[in-house]
Amino acid sequence: MTRLVRVPDLHGMHAATAQLAAGRDPLNARELAVIVPTRAAGEALRSTLEALLLELTPSRDRSIGRSRDVWVPPQLLTRAELYARLYEDLSAAPPLLSEFEREVLFRRAARAAVAGGAPAPFQLRPGLIVEMLAFYDELRRRHRTVAAFDRLMTDSLAPSVEIDRGAERMMRQTRFLVAAFTEFERLIAGSGAIDEHGLRALLIESGSPVRLRHLVVTVADQAADPFGLWPADYDLIARIPGLEAIDVIATESLLATPFHQRIHDQLPGIEEERRPAAENAPVLVAPPLDTVSPSTCWFTCRDREEELADVAARLKTGESPGSVAVVFQRPLPYLYLAKNVFADAEVPYSALDALPLAGEPFAAALDLVLTAALAEANRSSLIGLLASPHWRFPIERDGRDGPGQEPSGPRVQSPLDLTREDVQPLNSFLLHAKYLGGWDRLRDLSSESVDDASSERSRKHRRAAPALQAAVAVTERLAALFDAPTADDQIQLLLAFIRDHERPPSPEDDWYGRHLRARAAVLGALEALAAAHRKHDDRALGLSELAGTIRRWIEGQTFSPRTGSGGVALLDAPAAPYAHAGEVRLLGLVESDWPDRHGRNIFYPTALLSQLGWGTEVDRLAAARARFHDLLRLARERVSVSTFVLEDDAVVSPSPFLDDVAASGLRVERIAAAARPRVFVHEALAEAPPLMDVPVGPASAWLALRASRTTSDDDRFRGFAGPRTVAAHAVSHVERYLECPFKYFASRVLQLEEERDDQSGLTPQERGQLLHAVFERFFRAWHNTGQRAITGANLAAALELFEQIADARLAHLPESDRSLERTYLLGSAVAAGLAERAFAFEIEHGVEVIERLLEYPLEGQFRFEADGDARVLSIRAKADRIDLLGDGTLRVIDYKLGRAPKSARALQLPIYGVCAAQHLDGRHGRHWAVSRAGYVAFRERNAFVPLGQSLDDAFEAGQQRFLTAVAAIERGEFPVDPDEPFLCSRCGFAAVCRKDYVGDD
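In short, a report on the structure.

Rules behind the numbers
Residues numbered from 1 in each chain as written. Predicted model: local features only at pLDDT ≥ 70, side-chain atom pairs only at ≥ 80, totals over all residues. Heavy atoms only, no water. Helix = DSSP H or I, 4+ residues; strand = E, 2+ residues; numbered from the N terminus. Buried < 20%, exposed > 50% of the residue type's maximum accessible area, 1.4 Å probe, protein only. Contact = heavy atoms within 4.5 Å. Areas by Shrake-Rupley, 256 points an atom, 1.4 Å probe, with all protein chains shown as cover. Patch = residues over 30% accessible without salt bridge, like charges linked within 9 Å, V, L, I, M, F, W, Y side chains within 5 Å. Salt bridge = Lys/Arg side-chain N within 4 Å of Asp/Glu carboxyl O. Phe/Tyr/Trp six-rings, centres within 6.5 Å; stacked < 30°, edge-to-face > 60°. Lys NZ or Arg CZ within 6 Å of the ring centre and 35° of its normal. Pairing = 2+ DSSP bridges. Expected span 1.5 Å × (residues − 1). Core = buried A, V, L, I, M, F, W, Y, C linked by side-chain atoms within 4.5 Å. Axes fitted to C-alpha atoms, helices over the stretch in contact; angles between N-to-C directions. Lys, Arg positive; Asp, Glu negative; His and termini not counted. Charge placed at Lys NZ, Arg CZ, Asp CG, Glu CD. Parallel < 35°, antiparallel > 145°, perpendicular 65-115°, else oblique. Left-handed = near helix turned anticlockwise from the far one by under 90°. Nonpolar A, V, L, I, M, F, W, Y, C, P; charged D, E, K, R; others polar. Polar contact = N/O pair within 3.5 Å; in protein donor to acceptor, adjacent residues only side chain to side chain.

**Regarding the overall build of the protein chain**
In terms of helices and strands, the protein chain carries 34 helices and 26 strands. For the protein chain, with 1001 residues in total, the buried portion stands at 48%. For the protein chain, the proportion of contacts with a sequence separation of at least 24, taken over those separated by at least 6, is 77%. For the protein chain, the computed accessible surface area is about 47100 Å², with 50% contributed by carbon and sulfur atoms.

What follows is the structure in C-alpha cells.
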C-alpha cells in the first residue's frame, strides 16, 4: 500500500507520524522506519513523538493501542542510514565501498581516462575529483546511465562545436567525464565490492525480502529539498521485496508546489488521505508600533549576536525556556555565539546541530602541519607550527635563565620542550635573514657561521639557535612526505608525526573528552584514507593533492559535541519542522540565508542539465517558501521573526521571505515598549559605578577585579601616558606621530619592534637606505670632478658616473636582488630610472650650485614660530640634500621612493627649511634664505613636487603642526588616531593596537 498523507501543517505531520509509530508491534522495532532529513531532525522527532504519546496516552488508549510504558520509538533514519539499514538485511552481500574507497577509485579512473586519450580540460585537483564523483552519483540517482549522459550531451553540443568555443570545451569535458565514469564503473566491478548504485540493483534483483515492512517518508524530493529523496530512491522503495506499506507525509503548503505532481509521477497509483485542518494557529509576536511601521511584523537587530541577546532578554521576563525553539538557517554563527550569549545570561540551552570537525583544535593543529609541509616551512607556517600549544618539539637547551640571556650557572645539556619564548627569537632571526622557505635554506641558516660575532645577525642567530635546531628536525620529517613511495606511506608518516609530537590536554581540562573525540575522528579518517589507498591505489600523491584530500574530508565531516540539555532548543531549518515547541523564534532572515543557497552544478548550465532531469530554480524557491510558511505555524503558542543589518560590519539585505510574514494570516500581538531587563554582565559593568549585586556566578571574581580598577573614563584608556621629557625631537619621529600617535608610542616609548611581512627583495627601509647612499656618493664624486649643476650638456657624463657608483654599491647585494635594484635605479629600455628623474628637475631649474650638503645633520637649538608664539627646541634631524645656490638662496630636497606626502601632514621639509636657514647663516659669508623646497618623488608624474604654492605659508603651517605635535608628545597623549584609516591595514603594530578606539570622540 502506497499512501500520500496530506496534513495541514507541521503539527499534523507530528500527529500522523505519532499515530503510525504507536500503531505497530513494539517487539518488531525494525519493521517501521521514518525517513528524516538529518540526524538532528531525527533527535528532534524522537522528543516530539515522546511528548505527543505522553499527551495522548496517559495510561492506555485503545485508539493508539499501546501503553506508554512499552512504547518503543521507530527507526528514525536519514537517506544514507536507510541504505545502510537495507544493506544489513542482505545475506552474503559483497562488501560495501566506503566513501574513502570510492574517491580513491575515482581519482584512479580520472587519471586512466587522461592516459587513455581523453584529456581533462581542467587540473585534476582534489576538490574537482569530489565534484565529478558527486555529478556521477547525481546522474545515477536520477536514473541516467553513462551512455544516456553521453548521448544527450553529444547531441546537444555537436551542432555548435564548430562555431562556439564554449560548446567545444564542454564537448571535450563530456568526453573526459564519460571516459572517467566508464572506467570508474569498471574499477568497481573489478574490486568485488559494490557502492550505493550497485546496492540498489542488488536489493531489487536479489528477490530477498528485507525486514523493513513499513516506511514513513517525511521529506520531499531533491527538487524541493536538498535532503530529499531522488528518483532512484522512489524506484527502490516501490520495488524492494518485503516492503508492504509506504506513507509519504506532506503539508498542504508543500503540496501546493510542483512537488504534488512529481510525487504522483514517482509513485504512480499513490492514494491520498487528507487530515483535518488545524484548529489553532500561533500568535505572531511583533515589535511595538512606536518603533516600527504598521506593516513591519519582525524584529530588527544589529547583528546575529544581538538576535540571541534579545532572545535571552525576553526569556528573562518570565517565559519558560524549556518550550522555546530558536531556529536558523546557518548553524555555525549561532552555535558559536550561543556559548557566550546564553552562558552570560544564565539561560540553559541545548543544541542538536553538529559542528564542523575542521573547527576543532586538533583538526586545526593538523592543518598547521599540512600548511608547513606545503609551504616548505616558510616563516609564517613554521612559526605557527612551532608556537602551537597542541604540539611539542624537544630541544637541547643549555643552562640559561631564558632565551637570549647569559648563563647564570653551569652549562648543562637537558632535553626540554620548545616554548613560545624560544620561538620569538627564531621569528626575528628568520625575518632578518629574509627566509622565505625551503628545506635546504633552513638547514644552511642553522649551520651558518657569522664572521662578525658582534653583528646584529650574529646576536639574533645565537638567540634563535635552540629553536632553529628544532625547526630543522621538524622540517626533515615534513620533507620526507615528498619522498614517500606510496600514499599509504605518506599518511603513515603523517600519523607518526602526530604520535611523536602531539601534546594532549590534561585529563582535568574541561575539554579533554571533546578533544579525544575529535582526535579519534581525525585519526580515523586518516587511517581509513590510508587503507583505501593501500587496497585500491598504491601510487604516491603530490603533497598538495594529499593535503587537499585530507582537508576536504575533515571539512566535510561534522562533529557533535554534547551541548547542554533542556532549556532553549537551538535548531537549524531542516531539523526545526520536527520539534515540539511552545514558542519559535526564527532568526537571521537575511537574503544570504533565507532562502537557503543550493549548490549549482559546476560542469554544465541548467539548460543542458534539464534534459537529464535536473530541477528548476523556480521549483526550488517555491518549495523553500512553502517550508518557511510551515515554520511560521510550527509553534503551539507564539512565533516571532527577526533579521539583522550588519554581518562582519557590512550592511546586509533583508530576506524576501519577510514579505510573507505580514501576509501569513497569523494574528499579530505587539509587545509593550518596556525597558529591557538587565541580563548580561557587561550591562552591569556599564553602570556607574558597576553593580556588584548582580548575580554573575563564575564571573563574580572577575567583576570584583574589574570594579577595583580604573573605569574606562580614565584618560589612560584613550592613550594618555602622562607628561614626558624628550631631550631632542627627531623630526621624522614627530612626523610619525602625525601619521598616528599610537605608532609613535609603540616605537619610541615602548620601543617595540615593528612587524613586517615576508618579502624576497629589499624592504622599503633598506631600499631607501640604498637610494640615499648611492645619491650621496654620486654627488660627492660629481663635485670631486669639479662639476656642480647638472645641465643638458653634462647629463650623459652624470648618468655614466651614477651608473658606476650604483654598480659598485649593488655589488654588495645578494645576486637575487641585484638585477631588480639596478633596473630600479638606472631604468630600462621602457622606463626611466631614478637617476634620470632626479636629474630632470635640476636641469629645468637651471641655477648655479655653489655647494651641495648631502645627508646633512641639523642638530642643536632652533627657534620656531606659530600664531605669534615662539619656542626654542632641541632638534635632531638629517636633511637628504641642501643645495646652496649662486643667487644666495637654499634649495631643500627630500627623496621619496613613493609619492610625496600630503601637504596637510608634510613636516620634514618645512622644519628642515627653517632649521637650515638658521644653521647655515654665515656660511660662505652669506645669509641664506630658502627659495625652493620640494620632493624628488619617484612615483609621481612630475619628478619634482614643490612643497606648496607659497613657501612662507607652507613653513608657517609646518611649524604649527610641529609645535602642536611636540606639545602633545610632551603631555603624553598617544591615542589611536591614524591620519588615514587605511593605514591600519599595513601597520606594523596592529597586534598591540586597540583599534576599538579608532574614531572615538
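**Observations regarding a nonpolar patch on the surface**
Taken together, Leu750, Leu752 and Val992 make up a surface patch of nonpolar side chains, about 230 Å² in accessible area. Mapped onto the elements, valine 992 comes out in the segment after α34 (951-971). Given the relative accessible area of 43%, valine 992 is considered partly exposed.

**Focus on the pattern of salt bridges**
Going through the model one piece at a time under the given rule, you end up with 58 salt bridges. The closest approach of N and O atoms between arginine 142 and glutamate 138, which form a salt bridge, is 3.1 Å. Each member of the pair, arginine 142 as well as glutamate 138, carries the same accessibility label: buried. Among the ionic pairs, arginine 780 bridges to glutamate 776, the shortest N-O distance being 3.1 Å. Of the two residues, arginine 780 and glutamate 776 are both situated in helix α29 (residues 764-784); the distance of four residues between them amounts to about one turn of the helix. Of the residues examined, arginine 780 reaches a relative accessible area of 44% and is grouped as partly exposed. In this structure glutamate 776 comes out as partly exposed when scored by relative accessible area, which is 24%. One network of salt bridges, in which partners are shared, links Arg79, Arg141, Glu196, Arg200 and Asp233.

**Focus on the packing of aromatic side chains**
Taken as a whole and assessed by the stated rule, the structure comprises 36 aromatic pairs. Here the aromatic rings of phenylalanine 135 and phenylalanine 149 are separated by 5.6 Å at their centres, their planes lie at 85°, and the arrangement is edge-to-face. Taken together, the residues span a long stretch of sequence, with phenylalanine 135 in helix α5 (residues 126-141) and phenylalanine 149 in helix α6 (residues 146-157) at a distance of 14 residues. Across this residue pair, the class does not change: phenylalanine 135 and phenylalanine 149 are buried. Through pairs of rings, three or more aromatic residues link up here, namely Phe106, Phe122, Phe135, Tyr136, Phe149, Phe176, Phe181, Phe184, Phe603, Tyr604 and Trp614. For arginine 552, the ring lying beneath its charged end belongs to tryptophan 553, and the centroid distance is 4.9 Å. A cation over an aromatic ring shows up here: arginine 585 above the ring of phenylalanine 299, its NZ or CZ 4.8 Å from the ring centre.

**A word on the pairing of strand β7 (residues 283-286)**
Neither face of β7 is left uncovered, since the one carrying Val283 and Val285 and the one carrying Leu284 and Ala286 both have all their residues buried. Relative to strand β17 (residues 638-644), β7 runs parallel, the two being bridged by three bridges. When the bridges of β17 are listed, valine 283 appears paired with arginine 638. One ladder, built from three bridges, connects β7 with strand β20 (residues 668-670); its direction is parallel. Note that in β20 the partner of leucine 284 across the bridge is valine 668.

**Observations regarding helix α4 (residues 99-115)**
Owing to its 3.6 residues per turn, the α-helix brings residues three or four apart onto one side. If you check α4, its first and last C-alpha atoms are 24 Å apart, about what 17 residues at 1.5 Å a residue would give, namely 24 Å. What α4 keeps buried is the set Phe100, Glu101, Arg102, Glu103, Val104, Leu105, Phe106, Arg107, Ala109, Ala110 and Ala113. In the core, the buried residues of α4 are packed alongside α5, α7 (165-191), α8 (196-206), α20 (512-536) and α21 (543-556). Phi turns positive one or two residues past the end of α4, at glycine 117, with a value near 100°.

**Details of the nonpolar core**
Residues Leu215, Val584 and Leu586 are the most contacted members of the largest nonpolar core, which totals 84 residues. Sequence-distant contacts of leucine 586, defined by excluding residues within four places in its chain, comprise Val327, Phe628, Leu631, Leu632, Ser640, Val641 and Ser642. Ranked by size, the runner-up nonpolar core spans 61 residues in total, among them Ala363, Ala373, Trp439 and Val474.

**Structural notes on the sheet that holds strand β1 (residues 2-7)**
Spatial strand order, β3-β2-β4-β5-β1-β6: six strands in an open sheet with parallel pairing. Of all strands in the sheet, those with a lone pairing partner are β3 (75-77) and β6 (271-274), marking the two edges. Averaged over all pairs of adjacent strands, the angle between strand axes in this sheet comes to 20°, irrespective of strand direction. Inspection of the sheet shows β1 paired to β6 by four bridges, in the parallel sense. When the sheet's bridge partners are listed, arginine 3 is paired in β6 with glutamate 271. Contacts between helix α1 (residues 10-22) and the sheet are confined to β1, β2 (32-35), β4 (214-217) and β5 (245-251), with β5 contributing the most and set at about 160° to the helix.

**Description of α5**
Its 16 residues give α5 an end-to-end C-alpha distance of 23 Å, which sits within 8% of 22 Å, the value for a rise of 1.5 Å per residue. Of all the 16 residues making up α5, 12 are buried; the element is thus mostly covered by neighbouring parts of the structure. For α5, the set of buried residues is Pro126, Leu128, Ile129, Val130, Met132, Leu133, Phe135, Tyr136, Asp137, Glu138, Leu139 and Arg141. The positive-phi residue at the C-terminal boundary of α5 is histidine 143, with phi of around 65°.

**Structural notes on the side chain of histidine 197**
By secondary structure assignment, the location of histidine 197 is in helix α8. Take histidine 197: its relative accessible area is 4%, and that puts it in the buried class. If sequence neighbours within four positions are ignored, histidine 197 has contacts with Arg102, Tyr136, Asp137, Arg140 and Arg141.

**Overview of a negative patch on the surface**
A surface patch of like charges, here negative, comprises Asp867, Asp869, Asp952, Asp953 and Glu956. No other element matches α34, which puts three residues into the negative patch. Relative to the assigned elements, aspartate 952 resides in helix α34. The exposed category is assigned to aspartate 952, whose relative accessible area is 62%.

**Points about the packing of helix α14 (residues 361-374) against helix α15 (residues 379-387)**
Orientation of α14 relative to α15, taken along the N-to-C sense of each, is 150°, at an axis distance of 9 Å. The orientation of α14 with respect to α15, classified from their angle, is roughly antiparallel. Where α14 crosses over α15, the two elements pack in a sense that is left-handed. In contact with Leu368, Val369, Thr371 and Ala372 of α14, α15 contributes Ser381, Gly384 and Leu385. A per-class count over the contact of α14 with α15 returns four nonpolar, three polar and no charged.

**Overview of the environment of glutamate 131**
By the element assignment, glutamate 131 lies in helix α5. Considered as a pair, glutamate 131 and asparagine 601 are 470 residues apart in the sequence and their alpha carbons are 8.6 Å apart.

**A closer look at the packing of helix α16 (residues 420-432) against helix α18 (residues 456-483)**
Taken N-terminus to C-terminus, the directions of α16 and α18 make an angle of 120°; their axes are 7 Å apart at the nearest point. As far as their axial angle goes, α18 and α16 are oblique. As α16 packs across α18, the resulting crossing turns out to be left-handed. Seen from α16, the contacting residues are Asp422, Pro425, Leu426, Ser428, Phe429 and His432; seen from α18, they are Glu456, Arg457, Lys460, His461, Arg463, Ala464, Ala467, Leu468 and Ala471. Along the lines of polarity and charge, the residues of the contact of α16 with α18 split into seven nonpolar, three polar and five charged.

**A closer look at the side chain of serine 388**
By secondary structure assignment, the location of serine 388 is in the loop between α15 and β12 (394-397). Apart from the residues lying within four places of it in its own chain, the contact partners of serine 388 are Leu368 and Arg503.

**Side note on unusual backbone geometry**
Excluding glycine, most residues fall at negative phi; most peptide bonds, likewise, are trans. Along the chain, tryptophan 594 connects to proline 595 via a cis peptide bond; the corresponding omega equals 0°. The phi dihedral of glutamate 346 is positive, around 60°, even though this residue is not glycine. Within the fold, glutamate 346 resides in the loop between α13 (331-345) and β10 (349-351). Not every positive phi belongs to a glycine, and glutamate 376 is a case in point at roughly 50°. For glutamate 376, the position within the fold is in the loop between α14 and α15.

**Concerning the environment of arginine 304**
With respect to the secondary-structure elements, arginine 304 resides in helix α12 (residues 304-315). Arginine 304 has contacts with Arg330, Pro333, Tyr334, Leu337, Asp593, Phe644 and Glu647, leaving out every residue within four places of it along the chain. One polar contact links arginine 304 to tyrosine 334, side chain to side chain, over a distance of 3.2 Å. Of the polar contacts made by the side chain of arginine 304, one reaches the side chain of glutamate 647; its length is 2.6 Å.

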